[in-house]
Amino acid sequence: MHKISLVLLSICLQASDIRISEVMSNPAGSEYENEFIEIFNASEGVIHINGWVLTDGSGVDTLSYLSGPVEIEPRGYALIMDPGYDFLGGPYAGIIPDSIPLYTLSTDASFGSGGLANSGEMVRIYAPDSTSWDEMSWSVSTDNGFSWERENMDSPDSLVI
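Because the structure is a prediction, the values reported are computed rather than measured.

**Some thoughts on the overall build of the protein chain**
A tally of helices and strands in the protein chain yields one helix and ten strands. For the protein chain, the succession of helices and strands along the chain, N to C, is α-β-β-β-β-β-β-β-β-β-β. Accessible area for the protein chain stands at about 8100 Å²; split by element, carbon and sulfur atoms hold 56% of it.

**What to know about the packing of aromatic side chains**
This model, assessed by the stated rule, comprises five aromatic pairs. Considering the side-chain rings of tyrosine 65 and tyrosine 103, the 5.9 Å spacing of their centres and the 75° angle between planes classify their relative orientation as edge-to-face. Taken together, the residues tyrosine 65 in strand E4 (residues 60-67) and tyrosine 103 in strand E6 (residues 102-105) connect sequence positions 38 residues apart. The class for tyrosine 65 is partly exposed, based on a relative accessible area of 30%. Taking the relative accessible area as the measure of exposure, tyrosine 103 reaches 0% and is therefore buried.

**Quick notes on the pattern of salt bridges**
For the structure shown, the criterion picks out two salt bridges. Note that glutamate 135 is salt-bridged to arginine 124, the shortest N-O span being 2.7 Å. Taken together, the positions of glutamate 135 in strand E8 (residues 133-138) and arginine 124 in strand E7 (residues 121-126) put the pair eleven residues apart, joining distant regions of the chain. When its relative accessible area of 30% is taken as the criterion, glutamate 135 is described as partly exposed. Note on arginine 124: relative accessible area 28%, which makes it partly exposed. Here arginine 150 ties to aspartate 134 by a salt bridge, and the two come within 2.8 Å at their closest N and O atoms. A residue pair is termed long-range when its members are at least 10 positions apart, and arginine 150 in strand E9 (residues 148-150) and aspartate 134 in strand E8 qualify at 16 residues. Arginine 150 sits in the buried class, given a relative accessible area of 3%.

**Observations regarding unusual backbone geometry**
You will see that arginine 75, though not glycine, has its phi angle at about 60°, which is positive. With respect to the secondary-structure elements, arginine 75 resides in the loop between E4 and strand E5 (77-81). Looking at arginine 75, the relative accessible area reads 37%, which means it is partly exposed.

Cut-offs applied
- Numbers given for residues are sequential positions, taken from 1 along each chain in its written order.
- Whole-chain, interface and lining totals are the exception, using all residues; otherwise, since this is a predicted model, local features are given only for residues with pLDDT of at least 70 and side-chain atom pairs are given and counted only at 80 or more.
- Note that water and hydrogens are dropped before the side-chain values are worked out from all heavy atoms of the structure.
- Secondary structure follows DSSP: runs of H or I at least 4 residues long count as helices, runs of E at least 2 residues long count as strands, and numbering of each begins at the N terminus.
- Per-residue and other accessible areas were derived by the Shrake-Rupley procedure at a 1.4 Å probe size, with only the shown protein chains allowed to occlude residues.
- Each aromatic pair joins two rings of Phe, Tyr and Trp (for Trp, the six-membered one) with centres within 6.5 Å, and gets the label stacked for planes under 30 degrees apart, edge-to-face for over 60, and tilted for any other angle.
- Exposure classes here rest on a 1.4 Å probe applied to the protein chains alone. A residue is buried below 20% of its type maximum, exposed above 50%, and partly exposed in between.
- What counts as a salt bridge is simple: a side-chain nitrogen of Lys or Arg found within 4 Å of a carboxyl oxygen of Asp or Glu.

Honestly, it's all geometry; don't read function into it.
Here it is in structure tokens:
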């Protein structure tokens, strides 16, 4: 009985280890190529998200490692970039630290089903075995070039523009 309880406790704790910390759904410039999602590792251990799944409820994308460190350090961040992003001339060129793991979508050419909706959407990330996941949602649009950010990494849903 105690072993089963420990396994269930471990699964519950894993479900809160990864956070969607920022979503750029309405970037300045190209709507699709400049969208990104930032991930935060709220755990005390490293996390690998290669092969994890990202969905907006209608489109499903598999994450693929792109560059930088392979794992997300404890209390560290990673970026999921649109497959069409121009790393040499895009708006974030030169400001993404080399220490940040970069991922992209191996499934198709945009986030979700045709890119992220500016005026409202829900994005969910989850492990292939569905034991660890997080989601972020918004219901109004931001100005061009402003993202949705989680205000408190320890809170399940605290968004600010």
